[in-house]
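# Inside the fold
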Amino acid sequence: MNTQAPVCACGIVLVLLLLLTVPRTATAQKNDIDIYSLTVDSKVSSRFAHTVVTSRVVNRADTAQEATFQVELPKKAFITNFSMIIDGVTYPGNIKEKAAAQKQYSEAVARGESAGLVKATGRKMEQFQVSVSVAPAAKVTFELVYEELLKRHLGVYELLLKVRPQQLVKHLQMDIHIFEPQGISVLETESTFLTNELAGALTTSQNKTKAHIRFKPTLSQQQKSPEQQDTVVDGNFIVRYDVNRTISGGSIQIENGYFVHYFAPEGLPSIPKNVIFVIDKSGSMQGKKIQQTREALIKILDDLSPKDQFNLVSFSREITQWKPSLMPASEENVEKAKSYTSSIQAHGGTNINGAMLMAVQLLDKANQEELLPSGSVSLIILLTDGDPTVGETNPKEIQKNVQGAIGGQYSLFCLGFGFDVSYAFLEKLALDNGGLARRIYEDSDSALQLQDFYQEVANPLLTAVAFEYPSNAVEEVTQDNFRLLFKGSEMVVAGKLRDQSPDVLSAKVSGQLLMQNITFQTEAEVAEQEKEFQSPKYIFHNFMERLWAYLTIQQLLEQIVSASDAEKQALETRALGLSLNYSFVTPLTSMVVTKPEGQEESQVVEKPVEDENIHRDIPSGHDVFRSQAMGNRKFRITGSISAESWYTSRGRLRGQAGASGKPHGSSGHGPRVPVHYHRLSSHPVYDMTPDLGVDFFVPFLLSSAPSGPDGVSHGVDLGIEGTSPALPASIQAPPFILPLPGQSVDRLCVDIKHSQGPMTLLSDPDQGVEVTGQYEMEKARFSWIEVTFKNLQLQVRASPEHVVVTRNRRSSVYKWKETLFSVMPGLKMTMDEAGLLLLSSPDRVTIGLLFWDGPGQGLRLLLQDTGRFSSHVSGTLGQFYQDVLWEPPAADDDSKRTLRVQGHDHSATRKLKLDYQETAPGAEISCWSVEL
């Protein structure tokens, strides 16, 4: 059997970023290099995604111009092919062993040529970039192909296409074909650039096993406005889906002599867990990192099951345990642990070795005293942001000590916070002990990243899972032995059918559930399965063989991390052979891109390794630096770019060049990464080595937008149009403006004067919706508002910093004023550039959330279609949609009235307020004001 490892799927994305620029001259026009066709074709067959990006360009200038083709793809994907067709001649990319490709690269550098070793990474992405000089009137076709096995993450597979042509494209088309023999159970789409007007270019068709999603906008649909030639197609397009499954032995699928076996049974109960959280509180964690860690840990503690046991170990130079032994996750103990967590302060050195050994001792002690429930799962979760500085500091010795102490009894998961920690050290530490490592990016959503990781391991379903197949039926099987199966993930085994294999392939999957042995059996008719995959519209040739090769290589690369020096050579040799045989660019191979005569002889594309990318990764994971050189001018930039936030008619800014809401070259938030741009010959190459106050070519700002409520600039504003006159400071926007159906009076303005703790604003069981919020009296604003759609298992939580959408334990974070268009069964969610988030459904009340940055700044709630509330609606605001009666105005003062609501009288006074439903600074309105 093969090496054990847990199955804990990570979020998987396919990310495409297409950019063609003209960096050679400062006077070149934006459309000298004209993209006249851009197509993205992604075929997902049984979770295996094969994506082809094709860009056709023409040089419309009267001089030679440089075109740059740039694509972002996920870290887990392998490039399999690249080619350029220039004037009918094809220049292919050839995949070679890394040493041979590096030799060719070094020779090109020695001749003074830029061999273009191009690589840059974000959170989940790697960047592919090739530049070529294009003669006047000449045409070039770029084509890139890459492949990846999509992993199930918290119950869904995710495909993300990030398209930024930066200009109008005559033929722009994305096609996504999905074929899943098990049947598609859920299909959702989401985009950061789609609007209601552009939605007509999107079509989705689906039957039981197939789905086709096409985005094909016309030139006029791509335009921001009839007067502007800029494109609105600028951002993400995401498809999420899941398949039908039952409590069974899984699904076996067969194509062209290879098989894949997917296993994720439904309906199993969660196994109780014993978890030790080991938290770094050294001096480097001071500030936002320790604050976010406390915030995340408090929410994670709330998610513990009453059947679980837990403890906390915090460490700096000294090591502290919360309790001397594991504690049941009772409500009382969880509250005490949350109180302890709130008091954790950061200072001192980093004693990782001592803290890890203490965590193991806590579990050993409980085990010896027979305090661990039978059949429970024991986990250690380590969070650290730096390398060891106290006690044992040799990484190899720490890995040896921890592995010896754990002795295969417990699973260790390592979270590296930021880029000052050696990821290779944490990865080996985790893989040696049946777990995995994850990087936590320093950003505004770091706490959510921690919570998201915990959700992946929160619900163990099976332990010691083993797959068995008849020895006379299969060979060259991938990993078939796993330590843990978690809810929302999936186990995948692939292999080759023997030449004389039986007509029916049977499989047995065994595991342990609460100390009971459990066995699943399944089988598949070979001929019947082969027939399933004969539709050429959805299938690319020999896809299952390539899936097997891909999975084998990924597992070999993982085994290399924890292998001894003696074992590494054999593993590397096999992985290299498969990489070359199947033309995959892996960490062991490189692609040599050939060029026309007279240009650089070659460019070498290599696949980065996670630990090599320290200080190269872009912290936010959203945007990638790209440049358009301004002649040969060079600028010295120090500090950060900032701009005052101005808000005009629905976010319409003078000088705004893009819709993304962020400048290119900045994530818009998080730490800044200094970047060097070196001009070795005719085009810039990225060298993302850290430095302070360094010289670098300024990334050309392709878009600008107002800053968010966190005060961080998302671009440089060149001015505003149509600003409203300043209003008296005393007139502010109320917390709520309510439209009251069936009333002849004006809208109702509601002020909050008395609030203690979270409040229920709206609750309508017939609509399946509830709105809650926390109002801070001292700041006179909401710290958060949450909308829950109970039938959809979906929550939308708005804070001044961002919006978090959680569905089935899976969270997504959105910045205010980032455009969003998401369609899922039963709900449409949109956000415009003004930051208005609307949650709508044909049969429900439309609920809006807004971060208002005018006078009386803060979160606001909007309601539309309130006539759809049922007679059972209740809550602080819901009461106004039940039996409302206005008394006549007072005879001596018509600015005062009495509002009777469900038998209770409220005094209403006519006042001037600002309408936050208009863009800041808002329009002055007269409304009846009620204090609650």
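Let us now look at the overall build of the chain. Broken down by element type, the chain carries 11 helices and 51 strands. Here the chain holds 932 residues, and the buried ones make up 61% of them. Counting only contacts in the chain whose residues sit at least 6 apart along the sequence, the fraction spanning at least 24 positions is 70%. By element, 48% of the accessible surface of the chain is carried by carbon and sulfur atoms, the whole surface being about 36100 Å².

Throughout the structure, instances matching the rule amount to 30 salt bridges. With a closest N to O distance of 3.1 Å, Lys 913 and Asp 751 form a salt bridge. Here the residue Lys 913 occupies a position in strand β50 (residues 904–915), and Asp 751 occupies one in strand β36 (residues 748–751), the gap between them amounting to 162 residues. Classification of Lys 913 by relative accessible area gives buried; the value is 12%. The network of salt bridges with common partners includes Arg 47, Arg 152, Glu 180, Asp 242, Arg 245 and Glu 490.

Strand order in the open sheet formed by four strands is β25-β23-β27-β28, with antiparallel pairing between adjacent strands. Of all strands in the sheet, those bounded by a partner on one side alone are β25 (481–486) and β28 (516–525). Across this sheet, the average inter-strand angle for adjacent strands is 30 degrees, counted without regard to direction.

Our next topic: the pairing of strand β27 (residues 504–513). Walk down a regular strand and you will see the side chains alternate between the two sheet faces. Burial of the side chains of β27 is restricted to one face: Leu 505, Ala 507, Val 509, Gly 511 and Leu 513 are buried, whereas none of Val 504, Ser 506, Lys 508, Ser 510 and Gln 512 on the reverse face is. Inspection of the sheet shows strand β23 (residues 460–468) paired to β27 by four bridges, in the antiparallel sense. The residue bridging Phe 467 from the neighbouring strand is Val 509, located in β27. Bridge analysis of β27 against β28 gives 10 bridges, and the strand direction is antiparallel. Considered in β28, the bridge of Val 509 is made with Phe 520. Connecting the antiparallel pair β27 and β28 is a turn made up of two residues, with Leu 514 showing a positive phi of about 55 degrees.

With phi around 65 degrees, Gln 166 is a residue other than glycine that occupies positive phi space. Topologically, Gln 166 is positioned in the loop between β8 (157–163) and β9 (171–179). Phi at Asn 256 takes a positive value of approximately 50 degrees, unusual for a residue other than glycine. Summarising the element assignment, Asn 256 is placed in the loop between β14 (251–255) and β15 (258–263).

Burial analysis of β8 places seven of its seven residues in the buried class, the great majority of the element. What you see with β8 is no split at all: Tyr 157, Leu 159, Leu 161 and Val 163 on one side and Glu 158, Leu 160 and Lys 162 on the other are buried throughout. Strand direction decides the pairing type here: β8 and strand β13 (residues 235–243), joined by seven bridges, are antiparallel. The residue of β13 that forms the bridge with Glu 158 is Arg 240.

The antiparallel open sheet is built from six strands, whose spatial order is β37-β38-β39-β40-β41-β42. At either end of the open sheet lies a strand with only one pairing partner, and these are β37 (759–764) and β42 (810–815). Between one strand axis and the next, the sheet turns through 15 degrees on average, direction left out of account.

Its 12 residues give helix α4 (residues 331–342) an end-to-end C-alpha distance of 17 Å, which sits within 8% of 16 Å, the value for a rise of 1.5 Å per residue. Those residues of α4 that fall on the buried side of the exposure criterion are Asn 333, Val 334, Ala 337, Lys 338, Tyr 340 and Thr 341. Angular distribution of buried residues about the axis of α4 spans 160 degrees; they occupy a single face of the element. In this structure, α4 carries Glu 331 and Glu 332 as exposed residues pointing more than 90 degrees from its buried face. Each element contacted by the buried residues of α4 is listed here: α3 (288–302), β17 (309–315), β18 (319–321) and β19 (327–328).

On average, residues of the chain score 80 in pLDDT, and 80% of them are at 70 or above. Low pLDDT, under 50, characterises residues 7–29; the stretch is placed with 114 contacts to residues that sit more than four places away or in other chains. Here residues 612–728 is a poorly scored stretch, pLDDT under 50, and it has 291 contacts once near neighbours within four places are set aside; other chains count.

Taken together, the side chains of Asp 503, Glu 523, Glu 525, Glu 528 and Glu 532 make up a negatively charged region of the molecular surface. Sorting the residues of the negative patch by element identifies β28 and α9 (526–532) as the ones contributing at least two each. The topology assignment puts Glu 525 in strand β28.

This brings us to the environment of Phe 736. Turning to its location among the elements, Phe 736 is positioned in strand β35 (residues 736–738). Take Phe 736: its relative accessible area is 0%, and that puts it in the buried class.

This part is about the packing of helix α5 (residues 352–368) against helix α6 (residues 395–406). Between α5 and α6, the shortest axis-to-axis distance is 10 Å and the interhelical angle comes to 0 degrees. Comparing the axis directions of α5 and α6 gives the class roughly parallel. Contacts from Asn 353, Met 356, Leu 357, Val 360 and Asp 364 of α5 reach α6 at Ile 398, Asn 401, Val 402, Ala 405 and Ile 406. Across the contact of α5 with α6, the residue classes tally to seven nonpolar, two polar and one charged.

The next subject is helix α10 (residues 543–562). Residue pairs three or four apart in sequence face the same way in an α-helix, which turns once every 3.6 residues. Counted at 1.5 Å a residue, the expected span for α10 with its 20 residues is 28 Å, and the 30 Å between its end C-alpha atoms agrees. Judged by how many residues are buried, α10 sits mostly within the fold: 16 of 20 residues are covered.

The biggest cluster of nonpolar side chains holds 63 residues, and the ones touching the most others in it are Phe 736, Leu 738, Leu 748, Val 796 and Phe 880. Sort the elements by how many residues they give to this core and strand β46 (residues 846–852) lands first, with five residues. Setting aside residues up to four positions removed in sequence, Leu 748 forms contacts with Phe 736, Ile 737, Leu 738, Leu 740, Phe 880, Trp 886, Leu 899, Trp 928 and Val 930. Listed in part, the 62 residues of the second largest apolar core include Phe 259, Ile 279, Ile 440 and Val 493.

Look at Asp 751 and you get buried, because its relative accessible area is 10%. If we skip the residues at most four places from it in the chain, Asp 751 touches Pro 734, Pro 735, Lys 913, Ser 929, Val 930, Glu 931 and Leu 932.

Before going further, it helps to examine the packing of aromatic side chains. Within the structure shown, the criterion is met by 26 aromatic pairs. Taking 5.5 Å as the distance between ring centres and 45 degrees as the angle between the ring planes, the aromatic pair formed by Tyr 258 and Trp 548 counts as tilted. Of this pair, Tyr 258 sits in strand β15 while Trp 548 sits in helix α10, placing them 290 residues apart in sequence. Tyr 258 gets classed as buried once you look at its relative accessible area, which sits at 7%. Accessibility expressed as a relative area gives 3% for Trp 548, which makes it buried. Between Phe 310 and Trp 322, the ring centres sit 5.3 Å apart and the planes meet at 20 degrees, which makes this aromatic pair stacked. Within this pair, whereas Phe 310 is found in strand β17, its partner Trp 322 is found in the loop between β18 and β19, the two being separated by 12 residues in sequence. Linked through ring pairs, Phe 48, Phe 78, Tyr 550 and Phe 584 together constitute an aromatic cluster. Here the guanidinium or amino end of Arg 47 rests over the ring plane of Tyr 262, the centre of that ring lying 3.8 Å away. Above the face of the Trp 784 ring, Arg 797 is positioned so that its terminal group lies 4.1 Å from the ring centre.

Conventions adopted
- Residues numbered from 1 in each chain as written.
- Predicted model: local features only at pLDDT ≥ 70, side-chain atom pairs only at ≥ 80, totals over all residues.
- Heavy atoms only, no water.
- Helix = DSSP H or I, 4+ residues; strand = E, 2+ residues; numbered from the N terminus.
- Buried < 20%, exposed > 50% of the residue type's maximum accessible area, 1.4 Å probe, protein only.
- Contact = heavy atoms within 4.5 Å.
- Areas by Shrake-Rupley, 256 points an atom, 1.4 Å probe, with all protein chains shown as cover.
- Salt bridge = Lys/Arg side-chain N within 4 Å of Asp/Glu carboxyl O.
- Pairing = 2+ DSSP bridges.
- Axes fitted to C-alpha atoms, helices over the stretch in contact; angles between N-to-C directions.
- Expected span 1.5 Å × (residues − 1).
- Arc of directions from axis to C-beta.
- pLDDT = per-residue confidence, 0-100.
- Patch = residues over 30% accessible without salt bridge, like charges linked within 9 Å, V, L, I, M, F, W, Y side chains within 5 Å.
- Lys, Arg positive; Asp, Glu negative; His and termini not counted.
- Charge placed at Lys NZ, Arg CZ, Asp CG, Glu CD.
- Parallel < 35°, antiparallel > 145°, perpendicular 65-115°, else oblique.
- Nonpolar A, V, L, I, M, F, W, Y, C, P; charged D, E, K, R; others polar.
- Core = buried A, V, L, I, M, F, W, Y, C linked by side-chain atoms within 4.5 Å.
- Phe/Tyr/Trp six-rings, centres within 6.5 Å; stacked < 30°, edge-to-face > 60°.
- Lys NZ or Arg CZ within 6 Å of the ring centre and 35° of its normal.

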